[in-house]
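What follows is each chain in one-letter form.
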Amino acid sequence: MLQRSLLTILVLLPVAGAIAAVAYGMAARRGETAAKWIALGFSTATFALSLLLLTGGGYADSAAFRFEQNLPWIGAIGARYHVGVDGISLWLVILTTLLVPISIVSSWHAVEKRPLAFYAFILLLESAMIGVFVSLDLLVFYLFFEASLVPMFFLIGVWGGERRIYAAAKFFIFTAVGSLLMLVGIIALYYIHLRQAGFGTFDYTTLLASLRSSQMVLGPDAQFWLFLAFAIAFAIKVPLFPFHTWLPDAHTEAPTAGSVILAGVLLKMGTYGLMRFNLALFPDASRYFAWVMITLAVIGIIYGALVAMVQPDVKRLVAYSSVSHMGFVVLGLFSFTEQGMQGSLYQMLNHGVSTGALFLLVGMIYERRHTRLISEFGGLAKPMPWFATLFVFASLSSVGLPILNGFIGEFLIMLGMWTSPALSQTWARVATMLAATGVIWAAVYMLWMLQRVLFGRVKNEKNKRLTDLNWREMGLLLPLLALMIYMGVYPRPFLNRSRAAVELVRSRVVATEGGGVIAER
């Protein structure tokens, strides 16, 4: 019974936590103080339960969905409550449940305004994010995808910085418009299946089965427009250049917990959607648009790194680094090689761990100095040696230093792109070499930032009195730092479990009517 309902429990448990926190807060005199403990308890329980997904077994050998639950929902239109996990969504669910309790503890003393609502929104956001990664019905996926916007809008708009209203509105408008395009695509798919197969469905597995059996055939024009409808929605979420302009403002103005969740999980919803839906449902259009997506990814890698280099605000610098790193993820997806696509999924996890840690560290120094301007710091290694040590560690992970997690993902992506069938051999190698410069630029902006923030003499008197990390802050960071090392030294457990599911998607894209692979352009 638990195995069949596990995913539903993971989706509903944070909602139950939010309801419990609000109910206790309204009934008890000091309910707002207890809200953080309730949120932490429910989010930790969700993380513990999510580890049971690893007991599903056979992820390396089969791409079949596990822990499936498939129930009728709206019979009149054929909508079903269908959830399940495979090797693609498994680690993203666990990453989500790991980062949420860390985000809650990071806000322990930072949130004074409406703490009850703050923790309730974080729990509701967790529920929506888990729902996105486990949904196998397109209508249910869309509802969870949209539901994730509302809590994050309030987290930025109520608990953000000085320009929080502008940042929250920009975030909401960008992502909501993209989502509406996807909704049009979902409805179109429903009616195409209704016309060709005789019944309408939103079920992902049914749509795939119909495409494989030719019960439903998507012509070139249909694939062209459906690919664009889904891809634009997901490209905004990634965000892929030139749809990235909402991200720096949202990251900069969001509270620390919001930035950690936004970078660690919400951005991955875009790349997950590209892999799960665009590549699998529209393989011909994916091949047709591969050069466009690769070009935009390479531009994003270089552009994000160069703009990060000139940022005066350390949090904004980390935000632009996300544009660059997520460009690598898209590059790997559209390489159409096993190494590139495996590296892409692995880089999603790496980015969530390393950038999540960086935003935590930026939040910790902001709580002490109430500024993020690089010019206000300098020499922090003297009063804050532990902070400096962990900041350097997380930054080197983000740069892609060998034996740390970032290196594995980026190396696999570039290895796959070098032999990519999506482009001619010459252009595949040109794209790889241009993307590789992003690693160099990352070292430049990260090491230059570390030099100005941590090293040299203490120029500002206020920095001399700063206290180093306490045990709570160390406890937040150490699990992420341990993961950086483990994932950099021994990636096999992660890659093995995702191999079969990634290969199934890849086979959809590279296969042609004659059973071959994509011809060189």
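Residues numbered from 1 in each chain as written. Predicted model: local features only at pLDDT ≥ 70, side-chain atom pairs only at ≥ 80, totals over all residues. Heavy atoms only, no water.

Points about the pattern of salt bridges
A side chain of one charge can pair with a side chain of the opposite charge if their charged atoms are brought near each other.
Next, step 1: This model, assessed by the stated rule, comprises 12 salt bridges.
Next, step 2: For Arg276, the salt bridge identified is with Asp86, shortest N-O distance 2.8 Å. Placement of Arg276 in helix H11 (residues 256-281) and of Asp86 in the loop between strand S2 (79-85) and helix H3 (89-106) is noted, with a sequence separation of 190 residues between them. Asp86 shares its class with Arg276; the two are buried.
Next, step 3: Between Arg499 and Glu338 there is a salt bridge, and its shortest N-O distance comes to 3.9 Å. Placement of Arg499 in helix H20 (residues 492-510) and of Glu338 in helix H14 (residues 338-369) is noted, with a sequence separation of 161 residues between them.
Next, step 4: Accessibility expressed as a relative area gives 34% for Arg499, which makes it partly exposed. (Salt bridge = Lys/Arg side-chain N within 4 Å of Asp/Glu carboxyl O. Helix = DSSP H or I, 4+ residues; strand = E, 2+ residues; numbered from the N terminus. Buried < 20%, exposed > 50% of the residue type's maximum accessible area, 1.4 Å probe, protein only.)

Considering the pairing of S2
Next, step 1: With six of its seven residues buried, S2 lies for the most part within the structure.
Next, step 2: Judged from the six bridges that link them, strand S1 (residues 66-74) and S2 form a sheet pairing that is antiparallel. By the bridge assignment, Leu71 is partnered in S2 with Tyr81.
Next, step 3: Where S1 hands over to S2, the hairpin turn is made up of four residues, of which Gly78 adopts a positive phi near 75°. (Pairing = 2+ DSSP bridges.)

Quick word on the packing of aromatic side chains
Next, step 1: Inspection of every chain in the model, using the stated rule, returns 35 aromatic pairs.
Next, step 2: Taken together, the aromatic side chains of Phe65, Phe141, Phe145, Tyr204, Phe230, Phe234, Phe277 and Phe282 make up a single cluster linked through ring pairs.
Next, step 3: Residue placement shows Lys36 over the ring face of Trp108; its charged tip is 5.1 Å from the ring centre.
Next, step 4: For the cation-ring pair, Arg372 lies above Tyr366, with the distance from its terminal atom to the ring centre recorded as 4.9 Å. (Phe/Tyr/Trp six-rings, centres within 6.5 Å; stacked < 30°, edge-to-face > 60°. Lys NZ or Arg CZ within 6 Å of the ring centre and 35° of its normal.)

Considering the environment of Ile440
Next, step 1: The residue Ile440 is located in helix H17 (residues 425-454) in this model.
Next, step 2: Separated by 125 residues in the primary sequence, Ile440 and Lys315 have C-alpha atoms spaced 20 Å apart.

What about the domain arrangement of the protein?
Next, step 1: Partitioning the protein into structural domains gives domain 1 (1-265) and domain 2 (282-513).
Next, step 2: Look at where the C-alpha atoms of domain 1 and domain 2 centre, and you get two points 22 Å apart.
Next, step 3: Contacts between the two partners involve 49 residues from domain 1 and, on the opposite side, 52 residues from domain 2.
Next, step 4: Taken over both partners, the interface formed by domain 1 and domain 2 buries close to 4400 Å², and the fraction arising from carbon and sulfur atoms is 75%.
Next, step 5: Broken down residue by residue, the surface that domain 1 buries against domain 2 is led by Trp91, Phe227 and Phe241, which jointly contribute 16%.
Next, step 6: If you look at where domain 1 meets domain 2, you find one salt bridge. (Domains from an automatic or database assignment. Contact = heavy atoms within 4.5 Å. Buried area = accessible area lost by both parts, 1.4 Å probe.)

Section: the nonpolar core
Next, step 1: Ranked by size, the top nonpolar core spans 192 residues in total, and within it Leu53, Leu189, Phe334 and Phe391 carry the most contacts.
Next, step 2: In terms of residue count, H11 provides more of this core than any other element does, 16 residues in total.
Next, step 3: In this structure, this core is formed jointly by two domains, domain 1 (1-265) and domain 2 (282-513), each of which donates at least three residues.
Next, step 4: Non-local contacts of Leu53, meaning those with residues more than four positions away in its chain, are made with Leu6, Leu7, Leu10, Tyr59, Phe67, Val85, Leu90 and Val93. (Core = buried A, V, L, I, M, F, W, Y, C linked by side-chain atoms within 4.5 Å.)

Re the layout of surface pockets
Next, step 1: In this structure, the largest pocket occupies an estimated 660 Å³ of space.
Next, step 2: As for the largest pocket, its lining consists of 31 residues, and the residues nearest its centre are Trp159, Gly160, Pro255, Tyr366 and Arg372.
Next, step 3: At the level of secondary structure, the elements contributing two or more residues to the lining of the largest pocket comprise helix H6 (149-159), helix H10 (246-253), H11 and H14.
Next, step 4: Composition of the lining of the largest pocket by domain shows at least three residues from each of domain 1 (1-265) and domain 2 (282-513). (1 Å grid on protein atoms, 1.4 Å probe; cavity = no way out; pocket = protein on both sides within 12 Å on 5 of 7 lines; lining within 4 Å. Points joined across faces, edges and corners; volume = space filled by probe spheres on them.)

Quick word on the packing of helix H9 (residues 220-237) against H11
Next, step 1: Between H9 and H11, the least distance of the axes is 7 Å, while the angle of their chain directions is 160°. The angle between H9 and H11 falls in the class roughly antiparallel. In the crossing of H9 with H11, the sense of the turn from one axis to the other is left-handed. Here Phe227, Phe230, Ala231, Phe234 and Lys237 of H9 lie close against H11, whose contacting residues are Leu266, Leu267, Met269, Gly270, Gly273, Leu274, Phe277 and Asn278.
Next, step 2: Residues belonging to the contact of H9 with H11 are distributed by class as follows: nine nonpolar, three polar and one charged. (Axes fitted to C-alpha atoms, helices over the stretch in contact; angles between N-to-C directions. Parallel < 35°, antiparallel > 145°, perpendicular 65-115°, else oblique. Left-handed = near helix turned anticlockwise from the far one by under 90°. Nonpolar A, V, L, I, M, F, W, Y, C, P; charged D, E, K, R; others polar.)

Details of the side chain of Thr271
Next, step 1: For Thr271, the location among the structural elements is in helix H11.
Next, step 2: At 3.2 Å, the side chain of Thr271 forms a polar contact with the backbone oxygen of Lys268.
Next, step 3: In this view, Thr271 contacts Val238, Met326, Val329, Val330, Leu333 and Met348; residues no more than four positions away in its chain are not counted. (Polar contact = N/O pair within 3.5 Å; in protein donor to acceptor, adjacent residues only side chain to side chain.)

Quick look at the side chain of Gln347
Next, step 1: Residue position: Gln347 is located in helix H14.
Next, step 2: Excluding residues within four positions of it along the chain, Gln347 makes contact with His325, Val329, Gly406, Gly409, Glu410 and Ile413.

Overview of empty space enclosed by the protein
Next, step 1: By the definition in use, this model includes three cavities of 30 Å³ or more.
Next, step 2: Each pocket or cavity is described by its volume, and for the largest cavity that value is around 60 Å³.
Next, step 3: Lining the largest cavity, in full, are Ser106, Thr256, Leu360, Gly363, Met364, Glu367, Arg472, Glu473 and Leu476.
Next, step 4: Among the elements of the structure, H14 and helix H19 (471-489) are those that each provide at least two residues to the lining of the largest cavity.
Next, step 5: Here the element with the most residues in the lining of the largest cavity is H14; it accounts for four residues.
Next, step 6: Class assignment for the residues of the lining of the largest cavity results in three nonpolar, three polar and three charged.
Next, step 7: Empty space within the second largest cavity amounts to approximately 40 Å³.

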